[in-house]
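Observations on the three-dimensional arrangement
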Amino acid sequence: MRKRIQTLYTLSSLNFSSQLAIEQTVAIPHDYPEPVATDGYIIPTLGLYHGSFVFSYLSTFLSYITPYDLPVVYCILELLRDAFHTKVSFFQLILEALKVESGYICLIAIFFLISLIPLCYTIAWGCAKEPDDDLNPGPTVDAIIQAEELSLEESLHCRKSFLGLMLQVVILLLIAGVIAMFVTNEQIASAVDQTPTVVRSSLLDAATFLRDAESQMRYVIAEGLATATERIRNDLESVDKLLGEPIQHHLALFTGIDIIFESIIEISTSSSNLSRRIHLLQDALARAAKISYEAEYRLDELQIQLSVLQRQCTFRDRPLCDTLRIRNFEDTGLIERIRKLQVDRTLAKLMAMGEASRNSSMHALTQELTLARATFRNYAVDVRNVTEDQADQVQERLGELTTDTQTTIGILTRTIGQLVEQVNHTANFSDSFFDRYREVGAILWLAGLATTIMTLLVTLILLSALSCGCCHADNKAGITLILGAICICIASLALSGFTMMEMLLGAHGQLFICHPLYNEPEYTVLQKLIDKPGLIYPTEPQYGIIGELLRQAAPPEARWSQPVQISLSTALNKCEQGHGSYSTFQLDALLNLTAKLEPHQRPELERAIEGVGASEEPFLGFTVRIQGILEDMLYDSDLNLTGTRMELTQLSPDKDVLTFIDQLQRVSAQIQDVATASRMTTLGSRAKRLQLSLLAPLEQLRGDIVYHLTALELQLSPWAAQVNKSLTHLRNAQTFLDTESAEVCYNRSDVYRARLRAHLDAYRNYTATVLNDRCASCRPLFDIFDAMRMLFCHHIMDPMNGLWFSAFLCLFLWAVATPLSLMLSSTYRRLEILSSKLQHSNSHRYNARASVREDQRESSHWSTQRSVSVHVNAVAESSTDEEFPHYTASGSDEEAGTDEGAVVIEYIELRYENGDPTNYRESLI
C-alpha cells in the first residue's frame, strides 16, 4: 500500500496537467433543435415549367439585333425610368426606343416591304396582261404551226401543274403558319389569364416565405437559447457531480486518502486485538499479584520459622543451619515487577484503545476518522450548497439574456410583419391593375384571333381556287385566284401592321423584361433599374433596394450595427444556391445577435459565471487531529517489553522454594541433633505445602505472563509499523491537500466555468451556422422570381414572338403565293381561250359523224395519244386559186359551182405516234 501511494504521489504532478487538458476537451451536447421548413408553396404546383417552348430560339435571334452596348443600355434605362414615372407614354417609350434600335427598324422595314410585294406584283401583272387575240395564229396555217399550237397547249398544262403544286406547298405552309398563329395566340391568352393567378400565388408564396423564415429564425434563436439555458441550469443543479465529484475523485486518486482511511480502520481492528491481549495479560498479572501477596506472607512466616530454627540449632550444627537460605519476593523483585506491569500507563492506554468508552483514544480516532471521511465524501454536496448563491446569480443573468433575446426576436417579428403587410398591400393593389391587364390581353387576343381568321380566310380562298382547278373549272379557278391575290394585297397591309405590332411588343418585352431577368449572374440592367443607383426611384436610394426595404420595415427602436449593403444580383445568386436568408439579407445588422452573444457583450453574466467555483478550505488540515491520535498511538507503541519478559523469565519463586526444600532435606540428614532435624523436617513440610498451594500456581501464572508479554510484543511491533505507515501516508496526503488542493479546485472550477460558457458558445456557433446555412433558405424567393420570369418570358414573350414570326411567315408566303396565283390564273385563262376557240370552230363544220368524232377528240384531249383536230380558215382575199389548186379540183359538183372568191374549208386530222408531236400522220377528213 505504501509503495502504491508513493507511486501515485510521485506521478501526480506529471499526470495532472494532461488529465486536466483531456477533461477540458470533453464535448458538451450540441444536439440543438432544428427548424422544419414549410412546403406549402403554391408556385411549384402551377406547372409553369411543364411543356415545350418552341419559339425560345427567337430570343437568341433577337439578342443578335438588340443593342447592348453600355451607352445604349443607359439610354434605354433612362427611357424606362421616364416610363416608370409616367413622364412618357408606352407608345412614346417604344418610339423613343426605336430611335436607338436599328435592328428593329430594319425588321419593320422588311415587314413593310414584304407586305407591298403582293400589291406591287398585282398591279404590274394587271398592267402587263397580254390580249386574248394573241392566241390566234392567223389564216395561213400549215402542219408546222399546228404542231406549235399543240406544244403550246401542252406547256400550258405543264405550267399549270407546276404552279398548282407550288401553290399547294405554299398553302400547306400557310395552314401551318395559321395553326401556329392560332396556337401562340391561345397560349398568350392563356398566359394572360393565368398571370393574375401566378402573381397572386407569387405574392402569397412571398408572404408564406416571410412568415416561414421568421418562424424558423425565431425558433432557432429562441429554442436554441432555451436549450442552452436549460443545459446551464442543469449543470448548475449538477454542480456536485460536475465540479465536486471530479475534485474529490482527483484528490482521492492522487492522495490515496480513501486507502489511508481504510488502513486506519484496519489499525482500529488491530488495536482491538492488541487490547484484548493486554486484557489477558492484566488478568494474569492480577491473579499473579494476588497469589504473590499471599505467598509473600507465607514466605515471610517460613523465613521467621527458619530464623527460629537456626537459633535453636546446637553449636555443633550451627554452621549447617546457617547455610539454609530462603529468598523472599523482595529479594527476587517479582511482586515489584508484577506491580509495575499492572500500573504501566502505556499498557493501560494500549488496553484502553479497544474499549468503547468515550475517553478512549480509539473512540476519538473513530470519531475523527468518521468526521474526516464525511468531510471528504460530502465535499460535492458542500460545493453545491456553497455555490447556490452564485448559481442563482447566473440564472438571473440568463433570464436577462433571454429577455434581451426576446426583444431582438420581437424586432425581427415586427420587421417581417411589416414586409408581409407590404406584400399584402401589393396584392390588393394588383387587383385594379389586373382588370386593365385583362382588358389589354383581351384586345390583343381579339386582334390576334381576327388576324388569324383573316389569314385563314385568304388561305381558304387560295385553297378553293385549287379545288376548282382540280374539278376542271378553270374559269372559276382563275377568277378565284385573282380574288385571292386581291385579298392578299389588302390583307398583307393589315398582317404586316399586326406583325410589326407584335414584333415590337415581343422584342421590347424581350429587351426590357426577359433580358434583364435572365442576365445571369450579373443582372446588370435589373440592378441598374431597381438597385443602387436605382433608376426607377425619383431619388437615388442610399443602400440599395434590399437595404431600403428593411430600413423602412424595421421598427423605430431597431439599432442598426451597420447598413445593409447587398446588391440585388448577389441576393439572387445566393438565393439560387439556397443560402440562408439571415446571411443573404444581412439580418445580423438589424438584430446584432452575434455581437450580443459575444462574452465581452455580457459582462454581468461573465462575472456571475466567474463567481461559481469550489473552495479548498474543507481539505486544509482536516486530518490534523487524526495525525495527533496516530502520533500518540505511535508514541505509546514504543514499549520495551523484552527486558521485563527476560526478567520474569529468570525469576522463579517456585524453584527457589524447591531448592530450599531440597537443602532442608540434605541439611536435616546431616544434623546430629534429632530435635533440630525434626524441626527441619517439619519446616520442609510446610515449605512443601507452600510450594504446592501457592508457588506452583504462581509459577504457572508467571509462565502465562511471559507468554502474553511475548505475544503482545509480537503484536505490538507490526501494529506500530502499521500506525507509522498510516501516519506517514496521512501526512503526505495532507501535505498534498494543503499545497495542491487550491490549484486543483481552481483548475476544476475553471473547467466547470468553461463548460458553462461552452453552452453559450455552442449556442452562438449553432445559431450562426444554422441561420447562415440551414435555416430559412431564400430559395423560395428565387423560385418566385424564376416563376415570374418564366411566365412573362416563356409563356407570354415566347408565344408572342412566335405569333409575329408565324404572321411574318404567312406574310412572306403571301408574297410568294401572289405571283403563283396570278401566274396560275393566267395559265387557266389561256387554256380556256385556246379550248373555247377550238370548240367554236368545230361547232360550225362538223356533221353528225364529225361531231361524234369531235366529241371523241375532246374526250381524248387529255389522253396520251394526243389526237388533235386542227381547222384552218383561209380568207379568199388573202388566197388565190393557184395557191390551192388541189382544193378546187377535189371539190364536188356542188362545190364546183361555187362563186369565185368563196372560202373553201377542208379538214385534216393529225395523228401523233406515241405522243411525239414531231412524228405525226395527216389524213383528210
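None of these values were measured; they are calculated from a predicted model.

Moving on: the overall build of the protein. Counting secondary structure elements, the protein contains 31 helices and 3 strands. A buried classification covers 45% of the 925 residues belonging to the protein. Considering only contacts in the protein between residues 6 or more positions apart, those separated by 24 or more positions represent 86%.

So, about the environment of arginine 731. When you line up the elements, arginine 731 lands in helix 27 (residues 674-774). On the accessibility criterion, arginine 731 (35% relative accessible area) is partly exposed. The spatial distance from the C-alpha of arginine 731 to the C-alpha of threonine 623 is 8.3 Å, given a sequence separation of 108 residues. What arginine 731 contacts, discounting residues up to four positions off in sequence, is Gln627 and Glu631. Reaching out from arginine 731, the side chain makes a polar contact with the side chain of glutamate 631 at a distance of 2.5 Å.

Below, the discussion takes up the side chain of threonine 451. Checked against the element boundaries, threonine 451 lands in helix 15 (residues 388-470). Here threonine 451 falls in the buried class, since its relative accessible area comes to 10%. If sequence neighbours within four positions are ignored, threonine 451 has contacts with Met181, Leu495 and Phe498.

So, about the state of the cysteines. Evaluated as defined, the whole model comprises 3 disulfides. One disulfide bridge connects cysteine 514 with cysteine 793, the sulfur atoms lying 2.3 Å from each other. An S-S torsion of about -120° defines the bridge between cysteine 514 and cysteine 793 as left-handed. Of this pair, cysteine 514 sits in helix 16 (residues 474-517) while cysteine 793 is found in helix 28 (residues 779-845), placing the two residues 279 residues apart along the sequence. The connectivity of the disulfides in the protein is 1-2, 3-6, 4-5, where the numbers refer to bonded cysteines in sequence order. The thiol of cysteine 489 is not disulfide-bonded; the next cysteine sulfur, from cysteine 120, is found 8.7 Å away. Overall, the relative accessible area of 6% leaves cysteine 489 in the buried class.

This next bit is on the pattern of salt bridges. Applying the stated rule across the entire model yields 22 salt bridges. A salt bridge links glutamate 557 to arginine 414; its shortest N-O distance comes to 2.2 Å. On the criterion of sequence distance, the pair formed by glutamate 557 in the loop between helix 18 (545-553) and helix 19 (568-576) and arginine 414 in helix 15 is long-range, its members being 143 residues apart. A relative accessible area of 33% places glutamate 557 in the partly exposed class. A relative accessible area of 44% places arginine 414 in the partly exposed class. One salt bridge in this structure joins arginine 757 and glutamate 606, with 2.9 Å as the shortest N-O distance. Remark: glutamate 606 occurs in helix 23 (residues 603-610) and arginine 757 occurs in helix 27; sequence separation between them is 151 residues. Both residues of the pair, arginine 757 and glutamate 606, belong to the buried class.

Another aspect to go through is unusual backbone geometry. The omega angle of the peptide bond from glutamate 520 to proline 521 is -5°, so this bond is cis rather than trans. Relative to the elements of secondary structure, proline 521 occurs in the loop between helix 16 and helix 17 (524-530). We note that glutamine 586 has phi near 55°; this positive angle belongs to a residue other than glycine. Following the sequence through the fold, glutamine 586 ends up in the loop between helix 20 (581-584) and helix 21 (588-591). Here glutamine 586 falls in the partly exposed class, since its relative accessible area comes to 25%.

Let us look at the packing of helix 8 (residues 257-312) against helix 27. Relative orientation of the contacting elements helix 8 and helix 27 amounts to 160°, with a least axis distance of 7 Å. Between helix 8 and helix 27, the angle falls in the class roughly antiparallel. Considering only the axes of helix 8 and helix 27, their crossing is left-handed. Considering only residue class, the contact of helix 8 with helix 27 consists of 36 nonpolar, 13 polar and 7 charged.

This next bit is on the packing of aromatic side chains. Within a pair of aromatic rings, the relevant descriptors are the distance that separates the centres and the angle that separates the planes. Taken as a whole and judged by the stated rule, the model has 11 aromatic pairs. Summarising the aromatic geometry, the rings of tyrosine 32 and tyrosine 766 are spaced 4.7 Å apart at their centres and angled 15° between planes, so their arrangement reads as stacked. Of this pair, tyrosine 32 sits in the loop between helix 1 (2-24) and helix 2 (57-65) while tyrosine 766 sits in helix 27, placing them 734 residues apart in sequence. Relative accessible area serves as the criterion here: at 8%, tyrosine 766 is assigned to the buried category. Pairing tryptophan 804 with phenylalanine 805 gives two aromatic rings, centres 6.4 Å apart and planes at 80°, and the pair type is edge-to-face. Judged by its relative accessible area of 27%, phenylalanine 805 is partly exposed. Three or more aromatic residues joined by ring pairs form one cluster here, namely Phe261, Phe376, Tyr379, Phe619 and Phe622. Directly above the aromatic system of tyrosine 32 lies the positively charged group of arginine 231, at a separation of 4.7 Å from the ring centroid. Above the plane of the ring of tryptophan 560 lies arginine 551, whose end atom (NZ or CZ) is 4.9 Å from the centre.

Attention now moves to the environment of leucine 156. As for its position among the elements, leucine 156 is in helix 6 (residues 143-237). The exposure class of leucine 156 is buried, given its relative accessible area of 2%. Placed 674 residues apart in sequence, leucine 156 and arginine 830 show a C-alpha to C-alpha distance of 7.9 Å.

Orientation of helix 13 (residues 361-377) relative to helix 24 (residues 624-636), taken along the N-to-C sense of each, is 150°, at an axis distance of 9 Å. One finds that helix 13 runs roughly antiparallel with respect to helix 24. As helix 13 runs across helix 24, the sense of the crossing is left-handed. Side by side, helix 13 and helix 24 meet where Ser361, Met362, Ala364, Leu365, Glu368, Leu369 and Ala372 of the first sit next to Arg625, Ile626, Ile629, Leu630 and Met633 of the second. The residue inventory of the contact of helix 13 with helix 24, partitioned by class, reads 9 nonpolar, 1 polar and 2 charged.

Next up on the list: the side chain of threonine 499. By secondary structure assignment, the location of threonine 499 is in helix 16. On the basis of relative accessibility, which here comes to 0%, the residue threonine 499 falls in the buried class. In contact with threonine 499, not counting residues within four places along its chain, are Phe111, Trp804, Ala807 and Phe808.

Another point: helix 27. A maximum bend of about 55° is found in helix 27 at glutamate 740. Just downstream of helix 27, alanine 776 is the residue with a positive phi angle, here 50°.

Moving on: the environment of tyrosine 582. Mapped onto the fold, tyrosine 582 is located in helix 20. Its relative accessible area of 5% is what places tyrosine 582 among the buried residues. Counting along the chain gives 196 residues from tyrosine 582 to cysteine 778, while the straight-line C-alpha distance between them is 8.9 Å. Ignoring sequence-local partners within four residues, the contact set of tyrosine 582 consists of Met217, Leu587, Asp588, Leu591, Leu593, Leu771 and Asn772.

Looking now at the confidence of the model for the protein. Averaged over every residue, the pLDDT of the protein is 77; residues scoring 70 or more account for 77%. Note that pLDDT drops below 50 for residues 1-26; the model gives that stretch 33 contacts with residues more than four away or on any other chain. This model gives residues 133-146 a pLDDT under 50, and the stretch forms 24 contacts once residues within four places in sequence are excluded.

Conventions and cut-offs
- Residues numbered from 1 in each chain as written.
- Predicted model: local features only at pLDDT ≥ 70, side-chain atom pairs only at ≥ 80, totals over all residues.
- Heavy atoms only, no water.
- Helix = DSSP H or I, 4+ residues; strand = E, 2+ residues; numbered from the N terminus.
- Buried < 20%, exposed > 50% of the residue type's maximum accessible area, 1.4 Å probe, protein only.
- Contact = heavy atoms within 4.5 Å.
- Polar contact = N/O pair within 3.5 Å; in protein donor to acceptor, adjacent residues only side chain to side chain.
- Disulfide = S-S within 2.5 Å.
- Salt bridge = Lys/Arg side-chain N within 4 Å of Asp/Glu carboxyl O.
- Axes fitted to C-alpha atoms, helices over the stretch in contact; angles between N-to-C directions.
- Parallel < 35°, antiparallel > 145°, perpendicular 65-115°, else oblique.
- Left-handed = near helix turned anticlockwise from the far one by under 90°.
- Nonpolar A, V, L, I, M, F, W, Y, C, P; charged D, E, K, R; others polar.
- Phe/Tyr/Trp six-rings, centres within 6.5 Å; stacked < 30°, edge-to-face > 60°.
- Lys NZ or Arg CZ within 6 Å of the ring centre and 35° of its normal.
- Bend = angle between axes of the 7 residues up to and from the residue.
- pLDDT = per-residue confidence, 0-100.

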